Amino acid sequence: MAQYLGNLTLLVRDYDEALAYYVGVLGFTLLEDTDRGLGKRWVRVSPGGAAHPALLLAQAATPEQQAQVGNQAGGRVFLFLHTDDFAGDYARYKALGVQFLEEPRHESYGSVVVFADCYGNKWDLLG
């Protein structure tokens, strides 16, 4: 029996705000947006359109969840976005207003730059 990560939950303030950023700015593919009733939706996005793993955008529903929006990793880099066009994606994201927290650097494992998403979660863009 094979195992794989299906979805990774990312707490967001608002579904549509999150979609505007992840799909509209970062260029992720909207895989699913299903109304679950009572204001809840099942919203999945993924870079490159891959079905797995995907980000499950979950609107924070309690004060405890709302306090974690943008801080799911306690200030550490939370997610790692790999690309085969580092320079192109960096330039495109920068032109679209993505908040980079440093200048790109070259490490033994490749090119990397840290950016913050619309909520403040830190991401590595890796090439």
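Position numbers for residues start from 1 in each chain and track the written sequence from start to end. Whole-chain, interface and lining totals are the exception, using all residues; otherwise, since this is a predicted model, local features are given only for residues with pLDDT of at least 70 and side-chain atom pairs are given and counted only at 80 or more. Calculation of side-chain values draws on the structure's entire complement of heavy atoms; hydrogens and water are dropped beforehand.

- As annotated in an unreviewed UniProt entry, the chain carries the name VOC family protein and is attributed to Hymenobacter busanensis.

1. Digging into the domain arrangement of the chain
Here is step 1 of the chain: As assigned here, the chain comprises domain 1 (1–69) and domain 2 (71–126).
Here is step 2 of the chain: Residue ranges for the domains originate in an automatic or database domain assignment. A C-alpha centroid distance of 19 Å is found between domain 1 and domain 2.
Here is step 3 of the chain: Once two parts are joined, some of their accessible surface, as seen by a 1.4 Å probe, is lost; buried area is that loss totalled over both. Both faces combined, the contact of domain 1 with domain 2 buries some 1,400 Å², and carbon together with sulfur accounts for 62% of it.
Here is step 4 of the chain: Summed over the three residues of domain 1 that lose the most area to domain 2, namely Y21, V25 and L26, the buried surface amounts to 34% of that side.
Here is step 5 of the chain: One speaks of a salt bridge when a side-chain nitrogen belonging to Lys or Arg is within 4 Å of a carboxyl oxygen belonging to Asp or Glu. Taken together, the links from domain 1 to domain 2 amount to zero salt bridges.
Here is step 6 of the chain: In protein, a polar contact means a hydrogen-donor-capable atom and an acceptor-capable atom, both N or O and within 3.5 Å, with residues adjacent in sequence counting only if both atoms are side-chain atoms; elsewhere, any N or O pair within 3.5 Å suffices. In this structure, the connection of domain 1 to domain 2 is made through eight residue pairs in polar contact (both at pLDDT 80 or more).
Here is step 7 of the chain: A helix here means a DSSP run of H or I that spans at least four residues, while a strand means a run of E at least two residues long, and both kinds are numbered starting from the N terminus. For the side of domain 1 that touches domain 2, the secondary-structure elements that each account for two or more residues are β1 (7–12) and α1 (15–22).
Here is step 8 of the chain: At five residues, β1 tops the list of elements feeding residues into the side of domain 1 that touches domain 2.
Here is step 9 of the chain: By the convention adopted, Pro, Cys, Tyr, Trp, Phe, Met, Ile, Leu, Val and Ala count as nonpolar, Lys, Arg, Asp and Glu as charged, and the other residues, Gly among them, as polar. Per-class residue counts for the side of domain 1 that touches domain 2 are 13 nonpolar, two polar and three charged.

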